[in-house]
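If you want the building blocks of each chain, they are given just below.
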Amino acid sequence: MTLHIGIDLGTSGIKAVLIEDLIRVIAVASEPVAVSRPKVGYSEQQGDLWVSTVLTCLDRLAAMAPQQMAAVRGIGLSGQMLAALILDRQLRPLRPAMLWNDQRALVECAELLAKVPDIGRRTNGTPDPGITAPKLMWLRKHEPELMDRARMLMLTKDYVRLALTGEVATEPSDAGGTQLFDVARGRWAPDLCAAAGWDPAHLPPVVDSWAEAGRLKPDLCARWGMKGPVSVAAGAGDNMGSTLGAGGARPGDAVLTIGTSGVACIVDAAFHPGPERAILTSAHVAPDVFLSMGVVMSATASLDWVGQLCGCQVPDLDAEATAFIAAEGPATAPVFLPSLTGIRTPLNRPGMTGRMSGLHPGVTPAMLAYATMEGVAFQFADCIAAQQEVGARPDHFTVVGGGTRSPLWLMLLATALDRSISLIDGADLAGPRGAARLAATAAGAPLSVLREPVAVTCVIPPDPTLSGAMALRREAMQALVAG
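Residues numbered from 1 in each chain as written. Predicted model: local features only at pLDDT ≥ 70, side-chain atom pairs only at ≥ 80, totals over all residues. Heavy atoms only, no water.

**A word on the packing of helix H13 (residues 314–328) against helix H14 (residues 365–389)**
Then, number 1: Between H13 and H14, whose axes approach to 8 Å, the crossing angle comes to 90°. Between H13 and H14, the angle is such that the two are roughly perpendicular. Across from Leu317, Asp318, Glu320, Ala321, Phe324, Ile325 and Glu328 in H13, the residues of H14 making contact are Pro365, Ala366, Met367, Ala369, Tyr370 and Met373.
Then, number 2: Considered class by class, the residues forming the contact of H13 with H14 number 10 nonpolar, no polar and 3 charged. (Axes fitted to C-alpha atoms, helices over the stretch in contact; angles between N-to-C directions. Helix = DSSP H or I, 4+ residues; strand = E, 2+ residues; numbered from the N terminus. Parallel < 35°, antiparallel > 145°, perpendicular 65-115°, else oblique. Contact = heavy atoms within 4.5 Å. Nonpolar A, V, L, I, M, F, W, Y, C, P; charged D, E, K, R; others polar.)

Here it is in structure tokens:
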């Protein structure tokens, strides 16, 4: 029996999972984390909030399963990508982290592209305000005194690992999201750092995602009753961790995450950049493969917004939308382009706002919920079409994330793609499971554990009774994009 912990640091919450033999879940602890939006387009979190929330989750695991916690041999982390957390000489945060959905660095994106016209062919994609390098440029302009004190750039899960181990490190999957990292060569690029105005000496060393990047501090081992030593893996960006935890480690594996944002991840044997289609391409967390990522900026966040607008809980909206579509079909529902925080793939229009057509006095919250789920499904289909254009070749599809709790959403996604999609056991735990696999390799397990299959619980086919109507509605949504 082997025991490991996988920790997933999401935008809205953190989850820690104690897993036996990389299969059986012993205990789960989760806590919400708040996002600060001090101005329109701003999105920030305190780095120390990530740490305190992780410690709380691990405290709870220790209380729930003290005997198993004592035998833990590895901890792995996956975390929200693209954040910019700036540390001083003492490795303390100088300000809150700017998150992946922060939109303030629009001007800096154009400036960076002008300085490095081929940046999309070398890094993870076209400059976007959510990516780290434009944020650094914005900070240099607007907070120069703070940037004069900057001595380290930290990404989300790397800052938590620093607190757990005292070691500074990152790994290729997360580093690939900074646009300071040459993805194909697997190293920091001095010229990209110069373009962004960042000193390469203020970047962490890069190790393999599956490698040990430190050991849990003795006082923390004592706090949770662990015998030790406990290896802490370098870890993964959240999309890579979820893809790995869903069994996506071989070329052709495609994992769709319906989370706060939506991501279509396709495992690729080669580096196929697609900057002209706003595709992100990074190293994966299994050996010798890359990950092509199409991004839907607002997925479950769009449905949350509808719930807030209507004063309804999301599960109630889902049930009402399911009843609506079964009784009436989609014809009377509005068509919604749910680009509440812009469009990344395939258009790279970060300033785009949501648009809706077909409103009438009979529109209900159920119709709005249906239109939202359908619109997100169409955006996933647009992402995958763009990824195929640049050379990614998905063979089969697995879906994970909070949106998997909705059978209606899964059916709409399968119909929009015209492909069957698989739901796996523990789909909502894919991120922590992937992190736990990396924890196992860091603690000495063979790399083959990274490619072990994950059990499929059901397969959702396209709905032929809806495909015709949805094809027409997709055309209507494309008109909203063009309008």
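**Looking at the pattern of salt bridges**
Then, number 1: For the coordinates displayed, the defined rule picks out 23 salt bridges.
Then, number 2: Residue glutamate 143 is joined to arginine 95 by a salt bridge in which the shortest nitrogen-to-oxygen separation is 2.8 Å. Here the residue glutamate 143 occupies a position in the loop between helix H5 (132–142) and helix H6 (144–148), and arginine 95 occupies one in the loop between strand E6 (85–87) and strand E7 (97–98), the gap between them amounting to 48 residues.
Then, number 3: Through salt bridges with shared partners, one network takes in Glu44, Arg95, Asp102, Arg104 and Glu143. (Salt bridge = Lys/Arg side-chain N within 4 Å of Asp/Glu carboxyl O.)

**Observations concerning the side chain of histidine 284**
Then, number 1: With respect to the element layout, histidine 284 can be found in the loop between strand E16 (280–283) and strand E17 (290–296).
Then, number 2: From its side chain, histidine 284 meets the backbone oxygen of glycine 248 in a polar contact 2.8 Å long. (Polar contact = N/O pair within 3.5 Å; in protein donor to acceptor, adjacent residues only side chain to side chain.)

**Here's the deal with unusual backbone geometry**
Then, number 1: The peptide bond linking glycine 228 to proline 229 adopts the cis configuration, its omega dihedral lying at -5°.
Then, number 2: Mapped onto the elements of the fold, proline 229 is located in the loop between helix H10 (218–223) and strand E12 (231–233).
Then, number 3: In this structure, proline 346 follows threonine 345 across a cis peptide bond, with omega equal to 5°.
Then, number 4: Its identity is not glycine, yet glutamine 179 carries a phi of approximately 65°, on the positive side.

**Points about the packing of aromatic side chains**
Then, number 1: Going through the model one piece at a time under the given rule, you end up with 5 aromatic pairs.
Then, number 2: Seen in terms of ring centroids, tyrosine 42 and tryptophan 138 are 6.1 Å apart; in terms of plane orientation they differ by 85°. Their pairing is edge-to-face. Taken together, the residues span a long stretch of sequence, with tyrosine 42 in the loop between strand E3 (24–32) and strand E4 (44–45) and tryptophan 138 in helix H5 at a distance of 96 residues. Comparing tyrosine 42 with tryptophan 138, the two get one shared label, buried.
Then, number 3: Arranged with centres 5.4 Å apart and planes meeting at 85°, the rings of phenylalanine 181 and tryptophan 188 form a pair that is edge-to-face.
Then, number 4: The class for phenylalanine 181 is buried, based on a relative accessible area of 1%.
Then, number 5: For tryptophan 188, a relative accessible area of 18% translates into the label buried.
Then, number 6: The side chain of arginine 104 reaches across the aromatic face of tyrosine 42, ending 3.5 Å from its centre.
Then, number 7: Cation over ring: arginine 104 sits above tryptophan 138, and NZ or CZ is 4.7 Å from the ring centre. (Phe/Tyr/Trp six-rings, centres within 6.5 Å; stacked < 30°, edge-to-face > 60°. Buried < 20%, exposed > 50% of the residue type's maximum accessible area, 1.4 Å probe, protein only. Lys NZ or Arg CZ within 6 Å of the ring centre and 35° of its normal.)

**A look at the environment of aspartate 208**
Then, number 1: Tracing the backbone shows aspartate 208 in the loop between helix H9 (190–196) and strand E11 (212–215).
Then, number 2: It is 28 Å that separates the C-alpha atoms of aspartate 208 and aspartate 102, two residues lying 106 residues apart in sequence.
Then, number 3: Those residues in contact with aspartate 208 that sit more than four places away from it in its chain are Glu171, Pro172 and Ala234.

**What about the sheet that holds strand E14 (residues 253–258)?**
Then, number 1: Taken together, the 7 strands give an open sheet; going across it, the order is E16-E17-E15-E14-E20-E21-E22, and neighbouring strands pair in mixed fashion. Among the strands making up the open sheet, the edge pair consists of E16 and strand E22 (456–460). Going from strand to strand, the sheet's axes swing by 25° on average, the running direction of each strand aside.
Then, number 2: Where E14 meets strand E20 (residues 396–400), 5 bridges bridge the pair, whose relative direction is parallel. Across the sheet, alanine 254 pairs through a bridge with phenylalanine 397, a residue of E20. (Pairing = 2+ DSSP bridges.)

**So, a nonpolar patch on the surface**
Then, number 1: A cluster of nonpolar side chains, namely Trp305, Leu309 and Leu340, defines an oily patch on the protein surface of about 270 Å² accessible area.
Then, number 2: Position of leucine 309 relative to the elements: it lies in helix H12 (residues 300–310). (Patch = residues over 30% accessible without salt bridge, like charges linked within 9 Å, V, L, I, M, F, W, Y side chains within 5 Å. Areas by Shrake-Rupley, 256 points an atom, 1.4 Å probe, with all protein chains shown as cover.)

**A word on the nonpolar core**
Then, number 1: Counting 72 residues, the largest nonpolar core has Ile5, Ile7, Leu216, Trp224 and Met226 as its most contacted members.
Then, number 2: In this view, tryptophan 224 contacts Leu55, Leu58, Asp59, Ala62, Met69, Leu164 and Leu216; residues no more than four positions away in its chain are not counted.
Then, number 3: If you look at the next biggest cluster of nonpolar residues, it comprises 57 residues, including Val296, Ile343, Met373 and Ala427. (Core = buried A, V, L, I, M, F, W, Y, C linked by side-chain atoms within 4.5 Å.)

**Describing the environment of valine 481**
Then, number 1: With respect to the secondary-structure elements, valine 481 resides in helix H17 (residues 464–482).
Then, number 2: On the basis of relative accessible area, valine 481 is assigned to the buried category, the value being 9%.
Then, number 3: In this structure the C-alpha to C-alpha distance between valine 481 and alanine 70, which are 411 residues apart in sequence, comes to 54 Å.
Then, number 4: What valine 481 contacts, discounting residues up to four positions off in sequence, is Leu337, Leu347, Arg349, Met352 and Arg355.

No statement about biological role is implied by the geometric values presented.
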